[in-house]
Amino acid sequence: EGKVWKYEWTAPNTNSPPTSSEYRISRVSVSHSGDYRCRGSSDYLLTGWSDAFRLTVSFPSKPTVTLQPSWTQIYSGETVTVRCEIQGGEGAQWTYEWRAAKLNTPPTSNEHRIIRATESDSGGYSCRGRRDYFFSEWSDIITLTVSYKPKAKLRADNTAVPVGGSVTLTCSVNPSSSSGWKYYWYRDEKSSEALTTQDAVFHSNGQISVSQEGLYRCRGGRGNPVYYTEDITASNRPVVTLYPNWSEIYRGETITVRCEIHGGDTEWDYEWETNSRIKAPNQNEYRIRSASSSNSGNYRCKGRMKSSQHKTTEWSDSVTLTVSDNVHSAASLTVSPDRVQHFTSDSVSLTCEGNFTEWRVRKFSEDGRLYSDCRRMTGSTCNINTSKSDTAVYWCESGSGEFSSAVNITVQNDGNGPILVSPVHPVTEGASVSLSCSLRTQKILSNVFFYHNDKLIQNDPRGELKISAVSKSDEGFYKCQYSGRESAQSWMSVKGEQDQNS
């Protein structure tokens, strides 16, 4: 007791080991694997070397991309989640990089949810994990194929049934290789309520046995909620559909207008009537690749049999398409107060912005759990009364599957310790930024120590670290120290001027 100790260390991969009692490795790598020993000295007293502590640092395994549900063949309008899994990387705070055809702003989380799939979502998906400066390998590519939803086929083994007899109806969906289908049965053309076991005998493989006369229809569906294929009905009145099923789209988006005639294998010519300024071609569907206001209008169609040009269908009901000239802006997330670190029980608001009506805030926590919804969502704002479990990565997701960039939120567990006040979003090169240190009871502090990547860079009596023109070299981990207590460290990103709109 009363002695002032100095310390010596033997350790792998170091030229200047510390002389304090603590050995801190900021960015661990495989080269840090090995034995660590220490001994102390005070005045003329020198202790013996400690027993060796062996540290083993290993690479996590190669990531794997999985699909949920596990269908590589899905259909327009269905929902599928693409997930990146790193075995052996549990508990680590990873960010993720994705390679995929349609991901203009790829998520930094381990999941990408496709809410209403379109053909443009088809393609290969691969991912890798990042933690500080360490990158995992890229995963193998998993290929997702999105096609128009198929039609159900209805067959009967006999359509003329004697009194007291029954007939078996079979519903099927092609291609038969696609899995997960359930079948739903309806009687009479106007009926919207599915049959029950009181009405019919249900068999496996999409079959029912019926004894009541009538017009029967079937639907195939899969997933939750159930997504139906087209009805099979006796009517040959066409239906105009939009893919994706949005009656209002934004300038520059892509949409397909389709005329569908149900029932039988008849070949048809198609006729369109529209008050838009663009004339529709005489085919059953056409794609508007870069929509403009000239595509707005009502669309209806009818069919003419190729085998007999005198036989035509009725006109379909009209479908109205509206193309807005507002640019479809990207989703964004703002945090108030605008800082990474917060005290426990702070009120923090996360607000989603963009040209969307439905929002949710998603969260990837320190323990590796993904949370799909905010506990207190008011409109487009998520309100948090912070606790330690709120330390996580957050991002916004719209109802149509658009993602914002992700932000880190850290909640200080030490009620008496300081927090670093640093910006949530990346800082643009050349801009100025101020970092400061704050206590729960005192916002303006003096005699504060600031650290960049664990290196002391400033002892400022004003309690502020001001960088007048940020450069790439300023990127990294920052923390502050006040009155012997340290804040948590937070990463400050710096992006180039050419990236500031991305």
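Residues numbered from 1 in each chain as written. Predicted model: local features only at pLDDT ≥ 70, side-chain atom pairs only at ≥ 80, totals over all residues. Heavy atoms only, no water.

- Looking at an unreviewed UniProt entry, the chain carries the name Ig-like domain-containing protein, with the source organism given as Oreochromis aureus.

## Digging into the overall build of the chain
For step 1, the next point in the chain: In terms of regular secondary structure, the chain is built from 0 helices and 45 strands.
For step 2, the next point in the chain: In the chain, which comprises 502 residues, the proportion classed as buried is 40%.
For step 3, the next point in the chain: When contacts within the chain are restricted to residue pairs at least 6 apart in sequence, long-range pairs at least 24 apart make up 59% of them.
For step 4, the next point in the chain: Here the chain has roughly 27500 Å² of accessible surface; of this, 45% comes from carbon and sulfur atoms. (Helix = DSSP H or I, 4+ residues; strand = E, 2+ residues; numbered from the N terminus. Buried < 20%, exposed > 50% of the residue type's maximum accessible area, 1.4 Å probe, protein only. Contact = heavy atoms within 4.5 Å. Areas by Shrake-Rupley, 256 points an atom, 1.4 Å probe, with all protein chains shown as cover.)

## Some points on the nonpolar core
For step 1, the next point in the chain: By size, the foremost hydrophobic cluster in this structure holds 23 residues, and its most contacted members are Trp-98 and Leu-144.
For step 2, the next point in the chain: At the level of secondary structure, the elements contributing two or more residues to this core comprise β5 (64–68), β7 (80–85), β8 (95–99), β10 (123–131), β12 (142–147) and β34 (392–398).
For step 3, the next point in the chain: Among the nonpolar cores identified, the runner-up in size contains 20 residues, and Val-257, Ala-280, Met-305 and Val-319 belong to it. (Core = buried A, V, L, I, M, F, W, Y, C linked by side-chain atoms within 4.5 Å.)

## Some thoughts on the sheet that holds strand β24 (residues 285–288)
In sheet architecture, strand pairing relies on hydrogen bonds along the backbone and comes in two forms, parallel and antiparallel.
For step 1, the next point in the chain: Across the sheet, which stays open at both edges, the 3 strands sit in the order β20-β22-β24 with antiparallel pairing between neighbours. Both outer strands of the open sheet, β20 (239–243) and β24, are each paired with one neighbouring strand and no more. Neighbour to neighbour, the strand axes of the sheet diverge by 15 degrees on average, direction disregarded.
For step 2, the next point in the chain: Both strand β22 (residues 255–260) and β24 contribute to a ladder of 4 bridges, which runs antiparallel. For Thr-256, the partnering residue across the bridge sits in β24 and is Arg-287. (Pairing = 2+ DSSP bridges. Axes fitted to C-alpha atoms, helices over the stretch in contact; angles between N-to-C directions.)

## Re the state of the cysteines
For step 1, the next point in the chain: All told, the structure shown has 4 disulfides when counted by the stated rule.
For step 2, the next point in the chain: Sulfur-sulfur distance for the disulfide between Cys-437 and Cys-480 comes to 2.0 Å. The disulfide joining Cys-437 to Cys-480 has a torsion of about 70 degrees about its S-S bond and is therefore right-handed. With a gap of 43 residues between them, Cys-437 in strand β38 (residues 433–438) and Cys-480 in strand β42 (residues 476–482) connect regions that are remote in the sequence.
For step 3, the next point in the chain: Among the residues examined, Cys-480 registers a relative accessible area of 0% and is labelled buried. (Disulfide = S-S within 2.5 Å.)

## Brief notes about the packing of aromatic side chains
For step 1, the next point in the chain: The full count for this structure, using the stated rule, is 5 aromatic pairs.
For step 2, the next point in the chain: Taking the centre distance of 6.5 Å and the plane angle of 90 degrees together, the rings of Tyr-96 and Phe-364 count as edge-to-face. Of this pair, Tyr-96 sits in strand β8 while Phe-364 is found in strand β30 (residues 359–365), placing the two residues 268 residues apart along the sequence. Phe-364 shares its class with Tyr-96; the two are buried.
For step 3, the next point in the chain: Look at Phe-477 and Trp-491: their rings are 5.0 Å apart centre to centre, the planes differ by 75 degrees, and that puts the pair in the edge-to-face class. Of the two residues, Phe-477 sits in strand β42 while Trp-491 sits in strand β44 (residues 490–492), which places them 14 residues apart along the sequence.
For step 4, the next point in the chain: In this structure Phe-477 comes out as buried when scored by relative accessible area, which is 14%.
For step 5, the next point in the chain: Taken together, the aromatic side chains of Trp-9, Tyr-23 and Tyr-36 make up a single cluster linked through ring pairs.
For step 6, the next point in the chain: The ring centre of Trp-138 lies 3.8 Å from the NZ or CZ of Arg-99, which sits over that ring. (Phe/Tyr/Trp six-rings, centres within 6.5 Å; stacked < 30°, edge-to-face > 60°. Lys NZ or Arg CZ within 6 Å of the ring centre and 35° of its normal.)

## Topic: the pattern of salt bridges
For step 1, the next point in the chain: Across all of its chains, the model carries 19 salt bridges by this definition.
For step 2, the next point in the chain: For Asp-390, the salt bridge goes to Lys-363, with nearest N and O atoms at 3.3 Å. On the criterion of sequence distance, the pair formed by Asp-390 in the loop between β33 (381–385) and β34 and Lys-363 in strand β30 is long-range, its members being 27 residues apart.
For step 3, the next point in the chain: The buried category is assigned to Asp-390, whose relative accessible area is 2%.
For step 4, the next point in the chain: With a shortest N-O distance of 3.0 Å, Asp-454 and Lys-479 are connected by a salt bridge. Linking Asp-454 in the loop between β39 (448–452) and β40 (455–460) with Lys-479 in strand β42, this pair joins segments that are 25 residues apart in sequence.
For step 5, the next point in the chain: With relative accessibility at 25%, the residue Asp-454 sits in the partly exposed group.
For step 6, the next point in the chain: Its relative accessible area of 6% is what places Lys-479 among the buried residues. (Salt bridge = Lys/Arg side-chain N within 4 Å of Asp/Glu carboxyl O.)

## Considering the pairing of strand β17 (residues 207–210)
For step 1, the next point in the chain: Here 4 bridges tie strand β14 (residues 167–173) to β17, and the two strands are oriented antiparallel to one another. Looking at the pairing, Thr-168 lines up with Ser-209 of β17.
For step 2, the next point in the chain: Two elements, strand β16 (residues 201–202) and β17, share 2 bridges in a ladder whose sense is antiparallel. Within β17, the position partnered with Val-201 by the bridge is Ser-209.

## Here we look at the sheet that holds strand β13 (residues 152–156)
For step 1, the next point in the chain: Strand order in the open sheet formed by 4 strands is β13-β14-β17-β16, and the pairing between neighbours is antiparallel. The sheet is open, and its two borders are formed by β13 and β16, each paired with just one other strand.

## Describing the environment of Gln-73
For step 1, the next point in the chain: Within the fold, Gln-73 resides in strand β6 (residues 73–75).
For step 2, the next point in the chain: For the pair Gln-73 and Val-146, spaced 73 residues apart in sequence, the C-alpha separation works out to 6.2 Å.
For step 3, the next point in the chain: Once residues lying within four places of it in the same chain are set aside, the contact partners of Gln-73 are Thr-145, Ser-147 and Arg-222.

## A word on the environment of Gln-212
For step 1, the next point in the chain: Position of Gln-212 relative to the elements: it lies in the loop between β17 and β18 (216–222).
For step 2, the next point in the chain: We classify Gln-212 as partly exposed; its relative accessible area is 45%.
For step 3, the next point in the chain: For the pair Gln-212 and Ser-166, spaced 46 residues apart in the sequence, the C-alpha separation amounts to 7.9 Å.

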